[in-house]
Amino acid sequence: MKQTKKLVLSAFFMALGIVLPFLTGQIQQIGNMLLPMHIPVLLCGFICGWQYGLAVGFVTPLLRSMMFGMPPIMPTAAAMAVELAVYGLVTGILYAKLPKKTPYVYVSLLGAMIAGRIAWGIVSIALYGFMGNSFSMAIFLSGAFLNAIPGIILQIVLIPAIIIALKKARVLNDFEAESAAVAAR
């Protein structure tokens, strides 16, 4: 039963990842700054675990690119697929392994955000190089941090608030117990 719930929730998070960019997509610069596709993937890693977070993170930008042409498949969606997969993976692993106290929600989130951005940078270097373009440290810092500051702030405020509210409502109890058992293996 728990696997079915996680599968359904993962499909919900993937659908959110596909739909949320429409809220900001009319103005591409705002969408690039608010990072709407990242939020459901991070939540999926927290709630469903690393396996589901990884899958949802990898598939969502590629599926959205195939369905709507945005983000462009190369290099944007391909690099985002790795970035978001790492978000879901790291969030799920850290949250399962760390104590379930509020500060560790932030540790899990920040760890995932840093790891995902590093993965995005590494994959971008390879993809841009393959396409015959350069990918400099300035491009990395601008894309991963400077232009993303509003989205980073939104994620740091919104995601822990949602996770903490779900914990207080005892919605996450079953998922946390199962995630801890999987992480202990």
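The preceding data block contains the structure.
Everything in this summary refers to the structure shown in the same document. (Residues numbered from 1 in each chain as written. Predicted model: local features only at pLDDT ≥ 70, side-chain atom pairs only at ≥ 80, totals over all residues. Heavy atoms only, no water.)

### Quick word on the overall build of the chain
Worth spelling out the cut-off: Helix numbers and strand numbers start at the N terminus; a helix is a DSSP run of H or I with at least 4 residues, a strand a run of E with at least 2. With C-alpha atoms as the basis for the radius of gyration, the globule rule is written as 2.2 Å multiplied by the number of residues raised to the power 0.38. For every residue, the accessible area (1.4 Å probe, protein chains only) is compared with the maximum for its type, and the residue is labelled buried under 20%, exposed over 50%, or partly exposed between those bounds. Whether two residues are in contact is decided by their heavy atoms, any of which lying within 4.5 Å being enough. Here, Shrake-Rupley sampling with a 1.4 Å probe gives the accessible areas, and only protein chains in the shown set may cover a residue. We score Asp and Glu as negative and Lys and Arg as positive, and we do not count His or the chain ends. All charge positions are set by atom: Lys at NZ, Arg at CZ, Asp at CG, Glu at CD.
Helix and strand counts for the chain stand at 9 helices and 0 strands. Secondary structure elements of the chain, listed N to C terminal, follow the sequence α-α-α-α-α-α-α-α-α. By the compact-globule yardstick of 16 Å for 185 residues, the chain fits well, its C-alpha radius of gyration being 16 Å. For the chain, the spread of C-alpha atoms along the three principal axes comes to 50 × 30 × 30 Å. Counting every position in the chain, which comprises 185 residues, the buried fraction comes to 44%. Considering only contacts in the chain between residues 6 or more positions apart, those separated by 24 or more positions represent 72%. On the chain, roughly 9300 Å² of surface is accessible, and the fraction owed to carbon and sulfur atoms is 74%. Looking at the chain, you have 12 positive and 4 negative side-chain charges, and the mean spots of the two groups are 4 Å apart.

### Some details on unusual backbone geometry
That bond from Met70 to Pro71 is cis: its omega, -5 degrees, falls within 30 degrees of zero. Mapped onto the elements, Pro71 comes out in the loop between α4 (50-68) and α5 (73-97). Of note, the phi angle at Leu35 is positive, near 50 degrees, even though the residue is not glycine. For Leu35, the position within the fold is in the loop between α2 (28-34) and α3 (38-48).

### A word on helix α1 (residues 2-24)
Stated precisely, the cut-off is as follows: To estimate how far a helix should extend, the number of its residues minus one is multiplied by 1.5 Å. Working definition for bend: take the seven residues up to and ending at a residue and the seven starting at it, fit an axis to each, and measure the angle between the axes.
Compared with the 33 Å implied by 1.5 Å per residue over 23 residues, the 33 Å span of α1 between its first and last C-alpha is a close match. Along α1, the largest kink reaches about 25 degrees and is centred on Gly17; proline Pro21 follows within four residues of it. Buried within α1 are the following residues: Lys6, Ser10, Phe13, Met14, Gly17, Ile18, Pro21 and Thr24.

### Considering the packing of aromatic side chains
Quick reminder of the rule: Stacked, tilted and edge-to-face are the three classes applied to pairs of Phe, Tyr and Trp rings, where Trp contributes its six-membered ring and a pair requires centres within 6.5 Å; stacked means planes under 30 degrees apart, edge-to-face means over 60, and tilted covers the rest. Geometrically, a charge over a ring is one whose NZ (Lys) or CZ (Arg) sits within 6 Å of the ring centre while staying within 35 degrees of the ring normal.
Scanning the model with the defined rule gives 7 aromatic pairs in all. With a centroid separation of 6.0 Å and 25 degrees between ring planes, the pair formed by Trp120 and Phe140 is classed as stacked. Linking Trp120 in helix α6 (residues 102-130) with Phe140 in helix α7 (residues 137-146), this pair joins segments that are 20 residues apart in sequence. Phe140 shares its class with Trp120; the two are buried. Between Tyr128 and Phe135, the aromatic rings sit 5.2 Å apart at their centres with planes inclined by 40 degrees, giving tilted as the arrangement. Owing to a relative accessible area of 13%, Phe135 belongs among the buried residues under this scheme. Ring pairs connect the aromatic residues Trp120, Tyr128, Phe135, Phe140 and Phe145, which therefore count as one cluster. Over the aromatic face of Phe22 sits the side chain of Arg64, whose NZ or CZ is 4.6 Å from the ring centroid. Taking the ring centre of Tyr95 as reference, the NZ or CZ of Lys100 above it sits at 4.8 Å.

### Notes on the packing of α1 against α4
Going by this rule: Every axis corresponds to a line fitted to the C-alpha atoms, with the helix fit spanning only the stretch in contact, and the corresponding angles, defined between N-to-C directions, vary from 0 to 180 degrees. Should an angle fall under 35 degrees it is taken as roughly parallel, and over 145 as roughly antiparallel, whereas 65 to 115 is taken as roughly perpendicular and any remaining angle as oblique. For any pair of crossing helices, the crossing counts as left-handed if the nearer helix is rotated counterclockwise from the farther one by less than a right angle, and right-handed if it is rotated clockwise.
Across the interface, α1 lies against α4 with an axial gap of 9 Å and an inter-helix angle of 40 degrees. In this view, α1 runs oblique relative to α4, as classed from their interaxial angle. By crossing handedness, the relation of α1 to α4 is classed as right-handed. For the pair formed by α1 and α4, the contact residues are Gln3, Lys6, Leu7, Ser10, Phe13, Met14, Gly17, Ile18, Pro21 and Phe22 on the first element and Tyr52, Val56, Val59, Thr60, Leu63, Arg64, Met67 and Phe68 on the second.

### With respect to α3
Burial analysis of α3 places 11 of its 11 residues in the buried class, which makes it a mostly covered element. His38, Ile39, Pro40, Val41, Leu42, Leu43, Cys44, Gly45, Phe46, Ile47 and Cys48 are the residues of α3 that are buried.

By themselves these figures say nothing about function.
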